[in-house]
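The lines below spell out each chain.
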Amino acid sequence: MKPVSCVGLLVLLVGVLVTVKGSILFQSPKVLIVSLIRNKEHTLPYFFSYLEDQEYPKDRISLWFRSDHNEDRSIDIIKAWLKRVTKKYHSVDFGYRSDAAKRYDEKSSTHWSEDRFADVIRLKQEALDKGRKMWADFVLFLDADVLLTNPNTIAKLVSLNLPIVAPMLLSDGLYSNFWCGMTADYYYHRTDEYKEILNYEKTGEFPVPMVHSAVMVNINVQQSLNLSFDKRRLPPGHYTGPVDDIIIFAMSANYSSIPMYISNSASYGYILVPLEQGDPLEKDLEQLTNTKVYIINEHGAINLKEDLKHFVPKVPKDKMGVSHIYMINLERRPERRNKMFNNFDELGLDVEFFPAVDGRQLSDDKLRDIGVKFLPGYADPYHKRPMTMGEIGCFLSHYYIWEKMVAMNQEEVLVLEDDIRFEPYFKRRVAQVLDDARRIGGWDLIYFGRKRLQEDDEKWVVGSETLVVAGYSYWTLGYLISLQGAKKLLEEKPLEKLVPVDEYIPIMFNNHPNESWVNHFKNRNLVAWSAAPLLLYPTHYTGDDGYISDTEDSARIDNFNKVLNDTSDSSAEKKGDKEQLSSKTLMDSTISRDEHELSVANRKSEL
């Protein structure tokens, strides 16, 4: 696996002293950025957009690009960006070759042949040597599939003033831009510390044997003169490993007693997992989509400069083969709506905005007009209170979608709420779930996202590797519902014995622990399954920065004629809390997520 690209970008800052009214001010240290780009048409518009937004003095930066063996518009994009930004930077040196798409010894554009390694080593060594000659203070080697979403990344790395440091980057899996272990033959070795750092179980700057893809080198360190990408410059007789630029560089640091550090004391950005030989470009495009969805979840939107937008093709939209997709959203929450539609644009989802029933607009008179009656004896399991107006509005929102489904004879509908994040490869995994569900048949509702509440293992649906029989669950983040399922939910006349929607659905598939509630509902024959692993998760959990609940944190109805506002109970668990199943259940469960997905979820919740 090869985590580098193939163009060189250099950034040089020149430090001087300035005297202002008797006080001495120092300009920013000199930084040199090096990036090797090849066939990165799909990432370059974002790479440049985030690079341009780095809050580091641009007049202290020199850019140096090199590009060759492209099969796409990489060179055109570099030229277009430089045409606009060149005057902002200290200097620009752009060199490229419009030669054959592949080298003579390459089997494909993702094949790392001996000649390709030799070219990369030569270019990186040339950049490092030029940085020394230009009296740079720092050299930042930066791959073109790295998106530095934190605008303070360069300033932060400089301020750390470490010999070699890399900002920890997240991917759509366990892959990142550092190693915590190296084998005797110089290859990657997984360690427990790797996951601790990657999952933010400990934060700071940590010495590691390898960093790559985004690496800041302090040229002012005397021993840095010994750093090299060329094995011929290493001490004779020491290195017997492969001809690989990042491994040679790491060993040159090791032989020179220069420590390498990985920094996870901030959220810096993202990296794509390098393609293996023979992997199609479509895989990289999917990774980029996953990454952009992560960025939208964290920042609300993608940063893309206006003059680069025409290089990014619009994603065609579809309904993934179902009749319709609805997204429930309060009209007074446009920030959530905009974030969701940014996600839909990237994922290529054709979704209809369904205005939610706003609990703030409900009153006793409106509820009587609608025909709402509450289930006798209902009290929230955690707060021991009646339903809130927000919970009533939430139920009515889902209820009206079920009614619309029946009225329009929509066979299969995906219902989404507006506080969700999509798991990687969402559309591909939905297709797998749909294939299984349609082949097996007999389902009414399939959870795409939920909070499991029961300790018992959930059994696989016979004949499926993507579906389980759903147990007692909270949340209606997203679910697929059939026309038959909508009719079943409506025919029980739930408005006459109202409970929250995420209590009603488990009651209807006859897997609810409260028998006194269950006995009020006669035809509990809903067939409910769940995607396994789940395809959707909440954007926030209770206590997270930015967590807002329009259902829990709203006025509650009491005796149907008195509205009370005190719904908070700091000691009580909330539905917005993470799953609290025992560790044994999570380990033994037939649907426990693998290491990849657990770690991704942990990292994103930390962010």
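Please refer to the structure placed before this passage.
Small disclaimer: the values here were computed from a predicted structure and weren't measured. (Residues numbered from 1 in each chain as written. Predicted model: local features only at pLDDT ≥ 70, side-chain atom pairs only at ≥ 80, totals over all residues. Heavy atoms only, no water.)

A. How the structure looks around the sheet that holds strand S7 (residues 146-147). Reading across from one edge, S7-S15-S9 is the order of the three strands in this open sheet, with mixed pairing throughout. The two strands at the open ends of the sheet, each matched to only one other strand, are S7 and strand S9 (169-170). Contacts from helix H7 (residues 281-299) reach S7 and strand S15 (269-271), with the element oriented near 170° to S15. (Pairing = 2+ DSSP bridges. Helix = DSSP H or I, 4+ residues; strand = E, 2+ residues; numbered from the N terminus. Contact = heavy atoms within 4.5 Å. Axes fitted to C-alpha atoms, helices over the stretch in contact; angles between N-to-C directions.)

B. Molecular detail of helix H8 (residues 334-347). The first and last C-alpha atoms of H8 sit 20 Å apart over 14 residues, in line with the 20 Å expected at 1.5 Å per residue. If you check which residues of H8 are buried, you get Arg336, Arg337, Lys339, Met340, Asn343, Phe344, Glu346 and Leu347. On the buried face of H8, the contacting elements are H7, strand S16 (324-329), strand S17 (352-355), strand S18 (412-416), strand S19 (420-422) and helix H11 (426-440). Phi turns positive, to about 75°, at Gly348, one or two residues after H8. (Expected span 1.5 Å × (residues − 1). Buried < 20%, exposed > 50% of the residue type's maximum accessible area, 1.4 Å probe, protein only.)

C. Here's a closer look at the packing of helix H1 (residues 44-52) against helix H2 (residues 74-85). Where H1 meets H2, the axes come as close as 10 Å, and the angle between the chain directions of the two elements is 25°. Taken together, the axes of H1 and H2 are roughly parallel relative to one another. Every pair of crossing elements has a handedness; the one defined by H1 and H2 is right-handed. Side by side, H1 and H2 meet where Leu44, Pro45, Phe48, Leu51 and Glu52 of the first sit next to Ser74, Ile77, Ile78, Trp81, Arg84 and Val85 of the second. By residue class, the composition of the contact of H1 with H2 is eight nonpolar, one polar and two charged. (Parallel < 35°, antiparallel > 145°, perpendicular 65-115°, else oblique. Left-handed = near helix turned anticlockwise from the far one by under 90°. Nonpolar A, V, L, I, M, F, W, Y, C, P; charged D, E, K, R; others polar.)

D. Structural context of the sheet that holds strand S14 (residues 260-263). With respect to topology, eight strands assemble into an open sheet ordered S5-S4-S3-S6-S13-S8-S14-S11, the strand pairing being mixed. Of all the strands in the sheet, just strand S5 (91-96) and strand S11 (205-208) have a single pairing partner and so form its edges. Direction aside, the axes of adjacent strands within the sheet are offset by 20° on average. Relative to strand S4 (residues 61-67), strand S3 (residues 31-34) runs parallel, the two being bridged by two bridges. In the strand pairing of S4, Leu32 is matched with Ser62. Docked against the sheet, helix H6 (residues 245-255) engages strand S8 (164-167), strand S13 (214-218) and S14, running at close to 115° with respect to S14.

E. Focus on helix H13 (residues 501-508). Among the eight residues that make up H13, eight are buried, leaving the element largely enclosed by the rest of the structure. Regarding H13, the residues found buried are Val501, Asp502, Glu503, Tyr504, Ile505, Pro506, Ile507 and Met508. Where the residues of H13 are buried, they touch helix H10 (389-408), strand S20 (445-452), strand S22 (473-482), helix H12 (483-491) and helix H14 (515-518). Looking one or two residues past H13, Asn510 carries a phi angle of roughly 60°, positive in sign.

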